[in-house]
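Fold and geometry: a report
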Amino acid sequence: MKGIGQELSVQNVSKYYGSFKALTDINLVCKPGEFVSILGSSGSGKTTLLKVIAGFERCSDGKIFINGKDVANVPCFKRNIGMLFQNYALFPHLTVAQNIAYPLKLRKLKKAEIDKKVSDMIDLIKLTGLGDRYPRQLSGGQQQRVGLARAIIYNPPLLLLDEPLGALDKNLRHEMQFEIKRITHELGMTTISVTHDQEEAFSMSDKICIVSAGQIQQFATPEQIYEKPANRFVAEFMGTTNIIPLKDAVYTDGDDGKTLVVGTSELTNGKCVLKTETKSIKSQDTNPFFALRPEAIHLAKEGSVYDNTFEAELTESIYLGQYVKAKAKVGSLLLNVTLDVREYRALDLTQKVKFCFDAEHTAILYS
């Protein structure tokens, strides 16, 4: 059953409810076998997008292709898509094996073939020996595995997950993140998962699609989204960051395919040096912002040369085991800083602390 996933292509899709635009010009391509998370807050449009892909809602404009075939006007029951909901929707009167076999019986497969596929699937989801149990006799994580197995037993070209881990406790949710990723990757299944949980999206996804106000803000790998957010919304939405204004920016293209950006900043009390990808540059904007993650700020060592340095007063701190989250005040700026606990304990907090950050460990943000 390897490599069963197919490509999903959403092209210029919009969804209107009267005069309200729930989705506007959505474009994304999920390659065969990719795990893509649609991430957004409540009301962002992420669930509407999943419903449109599934066929539960018709798109007002645009096209949806699965393996090159336009299914925008195809009813949901004819799209052959696998679905797993937050509550698993298992049949309580059927055993594990019977629940998993249900889609195959609807497709009128022979009993011997059904039994073989169900046995293989039970082994895949690591519930060997539990085929005769009923849902009430299973843990939440085991029930979810059965729901997943039932959704993929007939080799759908696309699997859609709607907040699949929302009903589980934290430890079980963490375990199931790895299990779902293992199973879908082992099958080579194209998977789209809707979630509001950033950690879940980062740990499970090959790519993340961030949605806000019915529009895609960024569609990229987890690393790209975190380290090089496309705009201020993404930078602030994905984890803790510092947003700092840059004045009188001058842009110079380098031989390394990156652009050197030199301006002035209150943070550095003068010259500030940044580097960014050339393709993302809007050189006409001389007063952009830049994002600086707390972990990209380090203690400066005497005698060393850095791209950027600044002095700050540490005003607050929270001990979190191996590291300390701190607030650092520079003029009118209040920064989030992450420090190694041993380095933090060695500081003289009665004095201002000297910090540094690398030109490349930033992201230019435009209004």
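Right above here is the structure, for reference.
Now for a look at the structure at hand. (Residues numbered from 1 in each chain as written. Predicted model: local features only at pLDDT ≥ 70, side-chain atom pairs only at ≥ 80, totals over all residues. Heavy atoms only, no water.)

What follows concerns the nonpolar core. Formed by 34 residues in total, the largest nonpolar core has its most connected members in Ile-100, Met-121, Ile-152 and Ile-180. Among the elements of the structure, α2 (96–106), α3 (111–124), α4 (140–152), β7 (159–162) and α5 (170–187) are those that each provide at least two residues to this core. In contact with Ile-100, other than residues within four places in its own chain, are Val-118, Met-121, Ile-122, Ile-125, Val-146, Ala-149, Arg-150 and Ile-153. Counting residues in each nonpolar core, the second largest holds 32 residues, with Phe-310, Leu-339, Val-353 and Ile-364 among its members. (Core = buried A, V, L, I, M, F, W, Y, C linked by side-chain atoms within 4.5 Å. Buried < 20%, exposed > 50% of the residue type's maximum accessible area, 1.4 Å probe, protein only. Helix = DSSP H or I, 4+ residues; strand = E, 2+ residues; numbered from the N terminus. Contact = heavy atoms within 4.5 Å.)

Once that is clear, we can look at the sheet that holds strand β17 (residues 308–319). Spatially, β16-β20-β17-β18-β19 is the arrangement adopted by the five strands of the open sheet, whose pairing is antiparallel. The open sheet terminates on both sides in strands that have one partner only, identified here as β16 (298–299) and β19 (333–340). Inspection of the sheet shows β17 paired to strand β20 (residues 353–357) by five bridges, in the antiparallel sense. Among the inter-strand pairings, Thr-309 is bridged to a residue of β20, identified as Cys-356. (Pairing = 2+ DSSP bridges.)

Our next topic: the side chain of Ser-44. Turning to its location among the elements, Ser-44 is positioned in the loop between β3 (35–39) and α1 (46–54). Residue Ser-44 is classed as buried on the basis of its relative accessible area of 3%. Of the polar contacts made by the side chain of Ser-44, one reaches the backbone oxygen of Ser-41; its length is 2.8 Å. In this structure, Ser-44 is in contact with Val-211, Ser-212, Ala-213 and Gly-214, ignoring residues within four places of it in sequence. (Polar contact = N/O pair within 3.5 Å; in protein donor to acceptor, adjacent residues only side chain to side chain.)

This part is about the packing of α2 against α4. For the pair α2 and α4, the least separation of the axes is 7 Å and the interaxial angle reads 25 degrees. The angle between the axes of α2 and α4 places the two elements in the roughly parallel class. In the packing of α2 onto α4, the handedness of the crossing is right-handed. In this structure, α2 uses Val-96, Asn-99, Ile-100 and Pro-103 to contact α4, whose residues at the interface are Val-146, Ala-149 and Arg-150. (Axes fitted to C-alpha atoms, helices over the stretch in contact; angles between N-to-C directions. Parallel < 35°, antiparallel > 145°, perpendicular 65-115°, else oblique. Left-handed = near helix turned anticlockwise from the far one by under 90°.)

The next point concerns the environment of Asn-80. Structurally, Asn-80 is set in the loop between β5 (69–70) and β6 (82–84). Asn-80 sits 74 residues away from Tyr-154 along the chain, and the two C-alpha atoms are 8.9 Å apart. Those residues in contact with Asn-80 that sit more than four places away from it in its chain are Arg-107, Tyr-154, Pro-156 and Pro-157. A polar contact of 3.2 Å, which involves the side chain of Asn-80, links it to the side chain of Arg-107.

Right, let's talk about the pairing of strand β2 (residues 20–30) for a bit. Two elements, strand β1 (residues 8–17) and β2, share seven bridges in a ladder whose sense is antiparallel. Bridge pairing in β2 links Tyr-17 to Phe-20. Hairpin connection of β1 to β2: two residues between the antiparallel strands, including Gly-18 at a positive phi of 65 degrees.

Along the chain, the position of Asn-242 falls in strand β11 (residues 242–245). In this structure the C-alpha to C-alpha distance between Asn-242 and Thr-264, which are 22 residues apart in sequence, comes to 16 Å. The contacts of Asn-242, once residues within four sequence positions are left out, are Phe-290, Ala-291, Leu-292, Arg-293, Pro-294, Ile-297, Leu-334, Leu-335 and Asn-336. A polar contact is formed between the side chain of Asn-242 and the backbone nitrogen of Asn-336, at a distance of 2.7 Å.

Without other data, these values stay purely geometric and don't point to any function.
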